[in-house]
Amino acid sequence: MTATAPARPRALVVGVQLQGVDDAEHASSLTELSRLAKTLGYDVRAQIVQKRTALAHGAVVGEGKLEELVRLAADVDAVLVDHEITPSQARNLEKATGKEVLDRTAVILAIFHRHARSREARLQVELARLAYLAPRLRDSGVGRGDRQGGGIGGKGAGESHLELDRRKLRDRMAELRRELEAIAHESGTRRRRRAEQATVALVGYTNAGKSSLMRALTGSTVYVADQLFATLDTTVRALEPPTRPRILVSDTVGFIKKLPHDLVASFRSTLEEARDADLQLHVADASDPAFRAQLDVTRSVLREIGAAEAPVLLVLNKRDRLAPEQEAALAAEFPDALLVSARRPEDVSRLREAIVAWFERDMEEVELLVPYTRQRVLSEIHESCRVLTESHDEHGTLVRLRARPEVVQRLRGSLAP
Ligand SMILES: Nc1nc2c(ncn2[C@@H]2O[C@H](COP(=O)(O)OP(=O)(O)OP(=O)(O)O)[C@@H](O)[C@H]2O)c(=O)[nH]1
Ligand SMILES: [Mg+2]
């Protein structure tokens, strides 16, 4: 007999279409939850949609739908709801179906938990998970007495147990915040040291191709996968082939619709890389029919974290999947965007040139005399400027260079008598 791979857990995906949400938007949100489920390893067996005017207090779906849902849930291991649901709604659904119930936020948190690699990402995810858990703890007090053996203490003892849990949770969250602050302080220092350098941040919806472009632009080997939230950690690398001065590119976590607020909050320091960049490359998957809505989501998350001030270059990626007429239509609709494929080296060079040209526009061309007694400044110049010509006279080295205004200002300062 041949061994079979362990069966993947099966899931039922439940969509709730609220009034005012159109069919296309609802469908794309539901497809997205299925992809999130797949990323988490689920085999999505069925979908069910309930139209509602608003989410009722106790129940996620109406009574008629609930019957259908219970029937479909019999064949799966988990029920995934495309909405943030209340603890009591989750409990009611769990009771009715006898299956584990996860809402969209829980699914996203589980993916983040699985994909976090660096210490910072792990701490950030843990903090977000505890923040998600905290209000849910209150409601799950039922049955806690059992765990203390015999339930003799009854309700009162259960409550004190719950109090203890809550205090532990609060303490752990405070500890996590402290640790994250220390790390943020460190990376802030590192960022400030880079402040004078030209920096570009790749931002955009999850799966848009940020890491693929990062690889192509910098020759780095960051992780690329057809998964949602493949990247959680920020990577910074210099543009390749190297420019003078060098340009640093950073790749970071992507965004998604209905991104849990606590998750955004706990990833704030990771996202500061995007906030402080001189230029943001907003990458979108132009082959995804929902990419326009994804552009909006990314923009609003950037606003939320205060990172909407940086200049943006729109990069419409995956053009290899488009028909020529689709490409033409997009070029007309987004005249300022760069239409590329991370898989085409000629497109990557074009993108690289656009980045270099962008910084070039900003640069000043000046001539500086570096006295022979200050030759150390010369190596600084070679590090942070593009040297055009260099000649020597009796006073020192005369350098013609191009550099960013703040660099010129600093050099002038350090050359001042
Ligand atoms: N056809 C095609 N596929 C691409 C292109 N760019 C990226 N991909 C694929 O799209 C998927 C996602 O790419 P990533 O580079 O991991 O995307 P990302 O934006 O970093 O995603 P997250 O880290 O999850 O936010 C992978 O399967 C890539 O191979 C492209 O230009 N054309
Ligand atoms: Mg990535």
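The paragraphs below set out a description of the structure included in this document. Everything quoted here is computed from the prediction, not taken from an experiment. Starting from 1, residues in each chain are numbered consecutively following that chain's sequence as written. Whichever chain is written first becomes A and whichever ligand is written first becomes 1, with later ones labelled in order. Residue-level local features of this predicted model are given only where pLDDT is at least 70; pairs of side-chain atoms are given and counted only at 80 or more, and the full residue set underlies all totals for whole chains, interfaces and linings. Side-chain measures were taken over the full set of non-hydrogen atoms in the model, leaving aside hydrogen atoms and water.

Secondary structure elements are taken from DSSP: a helix is a run of H or I of four residues or more, a strand is a run of E of two residues or more, and numbering for both begins at the N terminus. Looking only at helices and strands, one finds 15 helices and 13 strands in the protein. For the C-alpha atoms alone, the extent of the protein along its principal axes is close to 95 × 60 × 55 Å. Restricting the contact set of the protein to residue pairs at least 6 apart, pairs at least 24 apart contribute 68%. Calculation of accessible area relied on Shrake-Rupley with a 1.4 Å probe; when residues are assessed, cover is drawn exclusively from the protein chains displayed. Split by element, the accessible area of the protein, about 21,200 Å² in all, is 51% carbon and sulfur. When charges are counted, Lys and Arg contribute as positive and Asp and Glu as negative, whereas His and the chain ends are disregarded. For this purpose, a charge sits on NZ of Lys, CZ of Arg, CG of Asp or CD of Glu. Of the side-chain charges in the protein, 63 are positive and 61 negative, and the distance between the mean point of each set is 4 Å. Any two residues whose heavy atoms approach within 4.5 Å at even a single point are treated as in contact.

As a further point, take the site of ligand 1. Around ligand 1, the surrounding shell holds 23 residues, and the nearest of these are Lys210, Ser212, Ala230, Thr231 and Asp320. Identification of polar contacts relies on pairs of N or O atoms within 3.5 Å, with a donor-acceptor requirement for protein atoms, meaning one able to donate a hydrogen and the other able to accept it, and with residues adjacent in sequence counted only if both atoms are side-chain atoms. Between serine 212 and ligand 1, the recorded distance is 2.6 Å, taken from a side-chain N or O atom to an oxygen atom. Here an oxygen atom of ligand 1 and a side-chain polar atom of arginine 343 are 2.9 Å apart. Protein chains bury 94% of the 660 Å² of accessible surface belonging to ligand 1 in isolation. Top contributing element to the shell around ligand 1 by residue count: helix H8 (residues 210–218), with 3 residues. Being near a molecule or strand, for a residue, comes down to having at least one heavy atom within 4 Å of it.

In this section: the nonpolar core. Within the largest apolar cluster, 44 residues are counted, with the highest numbers of intra-cluster contacts made by Leu36, Leu80, Phe112, Phe229 and Leu232. The leading source of residues in this core is helix H4 (residues 104–115), at 7 residues. Setting aside residues no more than four positions away along its own chain, leucine 36 makes contact with Arg104, Val107, Ile108, Ile111, Leu228, Phe229 and Ile256. In plain words, nonpolar cores are sets of buried Ala, Val, Leu, Ile, Met, Phe, Trp, Tyr and Cys residues tied together by side-chain atoms within 4.5 Å. Using a 1.4 Å probe on the protein chains alone, a residue whose accessible area is under 20% of its type maximum counts as buried, one over 50% counts as exposed, and one in between counts as partly exposed. One finds Ala198, Leu202, Leu213 and Leu338 within the second-largest nonpolar core, a separate group that totals 24 residues.

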